[in-house]
Amino acid sequence: MFDNIRADFRAHNRDWGAQGFWAMIVYRFGRWRYTVRPALLRRPLSFLYKLLYKFVQIVTGIELPCEVPIGPGFIIEHAGGVVVSGFARFGANCRIRTGVVIGLARVEDPCAPQLGDDVDVGAGAKLLGNIRIGNRVLIGANAVVVTDVPDDSIAVGVPAVIKPRRR
């Protein structure tokens, strides 16, 4: 847990005030508590996690459940209006910004986006449903993505138009 928190601290430019870092600390604690045995010891830690989760959600506007698998180098650039479904998945070195929603397209279909490595999601973007976002993808600000995005692409607009990424 502490190695991951140190890595998150470095990823957030060693800024203790970064609200994304606060959310990551609570996220790491939530993941760690599952390793505590026996269950009797885990219960008070689960209660503490729920309190910390709600506190961070209210103060920062970031909703990042501990059930989400996150690769190394994950960064929440700016706080406020960030909602991530517990069914989502993130690869390594992903970056999300304020107002981003990564979630379900329909409540009846509990499938959320799976993001590859090196994905950069712009402010206000919405990624919805059972979609796969490839590696080295840029999602533009306020884009609404409801279809798969292949590797080395850019998704912009409402609904998002997929374009090849120029290097």
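Residues numbered from 1 in each chain as written. Predicted model: local features only at pLDDT ≥ 70, side-chain atom pairs only at ≥ 80, totals over all residues. Heavy atoms only, no water.

## Some words on the sheet that holds strand β2 (residues 75–76)
The 6 strands are arranged β2-β4-β7-β10-β12-β13 in an open sheet whose pairing can be described as mixed. Here the strands that pair on one side only, and so sit at the sheet edges, are β2 and β13 (161–164). Bridge count between strand β10 (residues 138–139) and strand β12 (residues 153–156): 2 bridges; the pairing is parallel. Bridging from a neighbouring strand, Ile139 pairs with Ala155 of β12. (Pairing = 2+ DSSP bridges. Helix = DSSP H or I, 4+ residues; strand = E, 2+ residues; numbered from the N terminus.)

## As for the pairing of β12
Successive residues of a regular strand alternate their side chains across the two faces of the sheet. Burial of β12 is one-sided: the residues Ser153 and Ala155 facing one way are buried, the residues Ile154 and Val156 facing the other way are not. Turn length for the β12-β13 hairpin, with the two strands adjacent in sequence and antiparallel, is 4 residues, and the turn residue Gly157 shows positive phi of about 100°. (Buried < 20%, exposed > 50% of the residue type's maximum accessible area, 1.4 Å probe, protein only.)

## Observations concerning the pattern of salt bridges
If you walk through the whole model with that rule in mind, you get 7 salt bridges. Linking Asp8 and Arg28 is a salt bridge whose minimum nitrogen-to-oxygen distance equals 2.8 Å. A residue pair is termed long-range when its members are at least 10 positions apart, and Asp8 in helix α1 (residues 2–11) and Arg28 in helix α2 (residues 19–33) qualify at 20 residues. Each member of the pair, Asp8 as well as Arg28, is classed as buried. When the shortest N-O distance is used, the salt bridge between Asp109 and Arg106 registers 3.6 Å. A relative accessible area of 46% places Arg106 in the partly exposed class. (Salt bridge = Lys/Arg side-chain N within 4 Å of Asp/Glu carboxyl O.)

## Let's talk about unusual backbone geometry
In this chain, Arg37 is followed by Pro38 through a cis amide linkage whose omega measures -5°. As for its placement among the helices and strands, Pro38 is situated in the loop between α2 and α3 (39–60). With an omega of -15°, the peptide bond between Val158 and Pro159 qualifies as cis. Mapped onto the secondary structure, Pro159 falls in the loop between β12 and β13. The backbone of Asp118 shows a phi angle near 60°, a positive value even though the residue is not glycine. In this fold, Asp118 is placed in the loop between β6 (114–115) and β7 (120–121).

## Here's the deal with the layout of surface pockets
Over the atoms rolls a probe the size of a water molecule, and in doing so it shows where empty space is left. The calculated volume of the largest pocket comes to roughly 150 Å³. Lining of the largest pocket is provided by 13 residues; of these, His12, Asn13, Ala18, Ile76 and Glu77 occupy positions nearest its centre. Sorting the residues of the lining of the largest pocket by element identifies α2 and β2 as the ones contributing at least two each. Among the residues making up the lining of the largest pocket, the classes are represented as 5 nonpolar, 5 polar and 3 charged. (1 Å grid on protein atoms, 1.4 Å probe; cavity = no way out; pocket = protein on both sides within 12 Å on 5 of 7 lines; lining within 4 Å. Points joined across faces, edges and corners; volume = space filled by probe spheres on them. Nonpolar A, V, L, I, M, F, W, Y, C, P; charged D, E, K, R; others polar.)

These figures come from the coordinates and say nothing about function on their own.
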